[in-house]
Amino acid sequence: MKLLDALKDCDVKILGEELVEVKGVDNNSRNIKENDIFVAIDGANTKGINYLKSAIENGAGAAVVDSKYYLDILDKIKEDEIYGNISYVFSKNVLKEMARISKSVYGNSSKDLILIGITGTKGKTTTASIIKEILRSMDENVLLIGTNGAYINEKEVFNTGRTTLESFENERLFKLAKEQNVKYAVLEVSSQAMIKQRLFGTEFNEMTFTNFSEEHISPNEHPNIESYFDAKIMAMDLSDTNI
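So, a few notes on the structure that sits alongside this text.

### What about the environment of glycine 120?
Counting through the fold element by element, glycine 120 comes out in the loop between β6 (114-119) and α5 (124-137). Setting aside chain neighbours within four positions, we find glycine 120 in contact with Phe209, Thr210, Asn211 and Lys232.

Rendered as structure tokens:
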């Protein structure tokens, strides 16, 4: 796929070759392969652009960067020619663009699946597992993504490490599920996933809200109970059918 095609739904500014071939998406420079798109996301104590060189050395064909770093990128290109070897995509909302680009690159396969989401303070993992087992008892093929891993039927296909994956990881799994004739996808949906746009643009057929209590209130998660509840409502807004 050409970079320009991958950006068809994005509001961005491009610096460099628009027709470069791109194959995948990742936000970890160590995982970048030839012609992948590296998404430079700032962490709590570091800038994503600090890992650009590593991504380029691993074969990145393009990088998505926050618009506020435009002049920094120009300086890097002047200082070291390696930074001029890729195209840059500048966005005011890198997390949303990562979701949009991932859908384009991996074929937006979620539209061919029946998506069931589970959100709530407690009970997400148990509820998702029960739904999966019910569907399996009906001889349906099921993708389950949650705290305990990502499974297609009984086979683990990805070690998740968190409740809800990054947008590009979800899109990879949706594509794999489609290729393996999976009909249903059951996902645990965390409040942090909503804040970090991990499911931006993903439409669920059904979203279940298990319960709500005063947890996850901290400087690193939600500053107050209202913020936490708003994130749960954002999850419910991903579907027209809520339980």
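### Some details on the sheet that holds strand β4 (residues 62-66)
Strands in a sheet are paired, the pairing made by backbone hydrogen bonds, and the direction either parallel or antiparallel. Spatially, five strands are ordered β1-β5-β4-β3-β2 in an open sheet, and the strand pairing comes out mixed. The two strands at the open ends of the sheet, each matched to only one other strand, are β1 (13-15) and β2 (25-26). Examined bridge by bridge, β2 and strand β3 (residues 37-39) share two bridges and lie parallel to one another. By the bridge assignment for β3, valine 25 is matched with isoleucine 37.

### Describing the pattern of salt bridges
The final tally for this structure, using the stated rule, is 13 salt bridges. As a salt-bridge pair, glutamate 166 and arginine 198 come within 3.9 Å of each other at their nearest N and O atoms. Placement of the pair is glutamate 166 in the loop between β9 (155-158) and α6 (167-179) and arginine 198 in the loop between α7 (191-195) and β11 (206-209), with a sequence separation of 32 residues. With respect to class, glutamate 166 is no different from arginine 198; both count as buried. Each of Lys111, Asp112 and Lys178 takes part in salt bridges that share partners, so that together they form one network.

### Observations regarding empty space enclosed by the protein
Tallying each qualifying case throughout the model produces one cavity of 30 Å³ or more. Reported here for the largest cavity is a volume of approximately 30 Å³. Mapped onto the lining of the largest cavity, the elements with two or more residues apiece are α4 (94-105) and α6. With three residues, the single largest contributor to the lining of the largest cavity is α6. Residue classes in the lining of the largest cavity are distributed as three nonpolar, three polar and three charged.

### A few points about α4
Here α4 contains 12 residues, and its C-alpha end-to-end distance of 16 Å stays within 8% of the 16 Å for a straight helix at 1.5 Å per residue. Burial of α4 is extensive: nine of the 12 residues sit out of reach of the surface. Listed in full, the buried residues belonging to α4 are Val94, Glu97, Met98, Ala99, Ile101, Ser102, Lys103, Ser104 and Val105. Taken together, the buried residues of α4 touch α1 (3-6), β2, β3, β4, β5 (87-91) and α6. Phi for glycine 107, located one or two positions after α4, is positive at around 90°.

### Some points on helix α8 (residues 225-236)
The first and last C-alpha atoms of α8 sit 17 Å apart over 12 residues, in line with the 16 Å expected at 1.5 Å per residue. Among all positions in α8, only Tyr228, Ala231, Lys232, Ala235 and Met236 are buried. All buried residues of α8 fall inside an arc of 150° around its axis, so they share one side. Residues of α8 that are buried sit in contact with β6, α7 and β11. Capping the start of α8, asparagine 224 holds a side-chain oxygen 3.2 Å from the backbone nitrogen of glutamate 226, two or three residues further along.

### So, the packing of α4 against α6
Here α4 crosses α6 at 20°, and the two axes come no closer than 8 Å. It follows that α4 is roughly parallel to α6 by the angle criterion. The way α4 lies across α6 gives a crossing that is right-handed. Counted together, Met98, Ala99, Ser102 and Lys103 of α4 and Ser167, Phe168 and Glu171 of α6 form the full contact between these two elements. Taken together, the residues of the contact of α4 with α6 break down into three nonpolar, two polar and two charged.

Definitions and limits used
Residues numbered from 1 in each chain as written. Predicted model: local features only at pLDDT ≥ 70, side-chain atom pairs only at ≥ 80, totals over all residues. Heavy atoms only, no water. Helix = DSSP H or I, 4+ residues; strand = E, 2+ residues; numbered from the N terminus. Contact = heavy atoms within 4.5 Å. Pairing = 2+ DSSP bridges. Salt bridge = Lys/Arg side-chain N within 4 Å of Asp/Glu carboxyl O. Buried < 20%, exposed > 50% of the residue type's maximum accessible area, 1.4 Å probe, protein only. 1 Å grid on protein atoms, 1.4 Å probe; cavity = no way out; pocket = protein on both sides within 12 Å on 5 of 7 lines; lining within 4 Å. Points joined across faces, edges and corners; volume = space filled by probe spheres on them. Nonpolar A, V, L, I, M, F, W, Y, C, P; charged D, E, K, R; others polar. Expected span 1.5 Å × (residues − 1). Arc of directions from axis to C-beta. Polar contact = N/O pair within 3.5 Å; in protein donor to acceptor, adjacent residues only side chain to side chain. Axes fitted to C-alpha atoms, helices over the stretch in contact; angles between N-to-C directions. Parallel < 35°, antiparallel > 145°, perpendicular 65-115°, else oblique. Left-handed = near helix turned anticlockwise from the far one by under 90°.

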